[in-house]
Structure formats: C-alpha cells, structure tokens
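Commentary on secondary and tertiary structure
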Amino acid sequence: MEYISVQGLDKKVSRLMKGSDYFYHENYEKAAANMDAFFAAGGNSVDSAHIYCGGQSEEVIGRYLKERNNRDEWVILTKGAHHDQHGPRVSREAIKHDITASLSRLQTDYIDMYALHRDDPNVPAGEVIEILNEYVKNGTVRAIGVSNWTWERIRDANAYAAEKGLTGFSFSSPNLSLAKANEPFWPGCVSADEETCQWHEAEQFPLFSWSSQARGFFTGRFTPENRDNADLVRVFYSDANWERLERAKRLAAEKNATPIQIALAYVLNQPFPTCALIGAQSEEELRSCDEGSRIKLTREELAWLDLSSDERG
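Parameters at a glance
Residues numbered from 1 in each chain as written. Predicted model: local features only at pLDDT ≥ 70, side-chain atom pairs only at ≥ 80, totals over all residues. Heavy atoms only, no water. Helix = DSSP H or I, 4+ residues; strand = E, 2+ residues; numbered from the N terminus. Rg over C-alpha atoms; globule rule 2.2 N^0.38 Å. Buried < 20%, exposed > 50% of the residue type's maximum accessible area, 1.4 Å probe, protein only. Contact = heavy atoms within 4.5 Å. Phe/Tyr/Trp six-rings, centres within 6.5 Å; stacked < 30°, edge-to-face > 60°. Lys NZ or Arg CZ within 6 Å of the ring centre and 35° of its normal. Disulfide = S-S within 2.5 Å. Core = buried A, V, L, I, M, F, W, Y, C linked by side-chain atoms within 4.5 Å.

On to the overall build of the protein chain. Of the regular secondary structure elements, the protein chain holds 11 helices and 10 strands. Taken against the 2.2 N^0.38 rule, which gives 20 Å for 313 residues, the C-alpha radius of gyration of the protein chain at 19 Å falls within 12% of a compact globule. Along the longest, intermediate and shortest principal axes, the C-alpha atoms of the protein chain span 50 × 45 × 35 Å. Counting over 313 residues, the protein chain shows a buried share of 57%. The contacts in the protein chain between residues at least 6 apart in sequence include a share of 77% that link residues at least 24 apart.

Summed over the entire model, instances satisfying the criterion amount to 15 aromatic pairs. Consider the rings of Y64 and W74, whose centres lie 6.1 Å apart with planes at 85°: the pair is edge-to-face. Here Y64, found in helix α2 (residues 56–68), pairs with W74, found in the loop between α2 and β5 (75–80); they are 10 residues apart in sequence, far enough to count as distant. Looking at W74, the relative accessible area reads 0%, which means it is buried. Centre to centre, the rings of Y237 and W242 are 4.9 Å apart; their planes meet at 70°, and the pair counts as edge-to-face. For Y237, a relative accessible area of 9% puts it in the buried group. For the cation-ring pair, R215 lies above F185, with the distance from its terminal atom to the ring centre recorded as 4.4 Å.

With that out of the way, let us pick up the state of the cysteines. Tallied over the full model, the rule gives zero disulfides. Between C189, a free cysteine, and C53, which holds the nearest cysteine sulfur, the sulfur-to-sulfur gap is 16 Å. Of all cysteine sulfurs, the one in C289 lies closest to C275, which takes part in no disulfide; the gap is 13 Å.

With that settled, the discussion passes to unusual backbone geometry. The phi angle at N148 is positive, at roughly 65°, despite the residue not being glycine. Note on placement: N148 falls in the loop between β7 (141–147) and α5 (151–164). In this structure, N256 takes a positive phi of about 55° despite not being glycine. Within the secondary structure, N256 sits in the loop between α8 (239–254) and α9 (259–268). Note on N256: relative accessible area 74%, which makes it exposed.

Turning to the nonpolar core, a few remarks are in order. Counting residues in each nonpolar core, the largest one holds 101 residues, and the members touching the most others are M113, F169, F208, F217 and F218. Per-element tally for this core: the top contributor is α9, with eight residues. Discounting chain neighbours no more than four positions away, the residues touching F169 are V128, I129, L132, I144, G145, V146, W149, I154, A157, N158 and F205.

So this is what it looks like as structure tokens:
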C-alpha cells in the first residue's frame, strides 16, 4: 500500500480509502470484517460523513475502533454541512452541530480530516476558513478540506488563510475517474475537469476521488445497449466513455490486469497526490483494488486513456 502526506497530519494516509456508505448496525460484522481486511492490506484511511446511512456509518466506525482499540492507527475522514431539504447548510451553526454529532458517533475526541460536504457560494470563502480554524485551534480537527468545491473557491479560501495567518484547506474530494461525467451524479457535486487537474498539479494539492472507478462502469457489466441503471446511463454513458473503456481493455490485456484496475490506476497515477475512495465489500474486490493501486502508468498512457492523445509513447 502506498501513502501520501497531508498537511496538518502526523500520520501518512493510505492512497486507498475505505468507503463506508454501506455501514449499518445490522451488517456490523460484515463492515468490521471489511475494515479488518483493509487494515491487514495496509489501508489506514476511512471515509464517512454525517449523513451516511443516517448516521450509522460513523457509529459503526466508532464501535469498530473502540472494539479493536486502534483509533490512533486510523485516519478518519468525515464530512459535514451537507445541504438539507431547506437548502445549503454552510454556516457556523450547522458545522458545529455536525462536528459535535460526528465526534459522539465516532467515539473520539478528534477528527483527522474534516471536510465540508457541499459548498454554498453565497458564503465568503474567508468566512468558512475562520469558522473551521476554531476547530483546528482547539485540536478537534487536525486537517480541513472540502468535498464538491470548485478549485477557484479553494484557491480563494487558501489565499485568505495565507493572508490572515490561518490554516487553509489541505485536500479536496471531488469526483475524478477515467469515465467523465456528463452531468453531476447528485445536485451540487463536482467532478474534476482538465482545468481542475491542472490546478492540482500546479499546487501539488491532494485530491481524494469519490466514485474513483465510475461506479462500476469499467467492470464489463455495462454496454451501450444495457440501460437498466438509469443513473449510470445519465452520468457516464457517452461515445467518449465507451472509447475510454475500450482503451482500458486494451491496456489491461497488455499489463495482465482488468479494465477496472486500469481505471483505478488512472486516478492514482495523476501528476499530483491522489487517493481513491473504494467501495470494496469483499476480499476479492479488495484484492482487485490493491493490485490496481500498484499499476504504474506513464503520462503518455494517461493521455491515451483519456483520449487527449492517440500515441502512447
């Protein structure tokens, strides 16, 4: 397992991050077994959110860490300030509510990495930095970041932090995958486009990709004629993505891998620090992700996969 450094943390972060949006009390034993297998493979980072599974995701993680007595060996990423039925919740009150609840559910007194789950462009970026720095200063949160924010908003927030001598954002978590999204998977979600990736490369700013394997687009289960999964059709079905799948198949054959492993390698071989959130729920899926994370791709291969070049060098 490979690791990256994140500003604000004294622990390395595994480049595969365990997804937990299926962690419910009723399947606790499965979740715990998945965490055990992931940890045994060298993984130490787990992704959750205040809204996942109605709060049960964080509660299951808290129970697991308490039973295993290994909280300090894990890096917890959790998120808050997601909008509700009334609209955006990027406010001091909402952030305080969600952090307080997350700490209680996770049975911990600190969160390694805390991200705002959604943005509200009507709130000045500097105001958000001021709010989150209160939690950095009192030790509740070690590193702050965002999910589904544009790179311009992150840039503005960090410029404010630098000017005021405050802690800025040290990671971002948009969608990044070999298959390019036709439209947001959910309202308010952000996918990393070419301009975003260029900014991340210039800044060497860590990116944690959700839906890093395009929700199974590269598994071979889907074809242009198979339109049973309405969300996948809406978001990822396009001529360009079918061509990317074909190229992933060709490269996989050459590297003795599978197309979905190539798709994962695409995320992890970007020219800036990346982690991939994975939904592996079985030993076979975890093994596939672990193997995929070890595949090295050249810049020319990345460009060829991404259709920005017809040459692989």
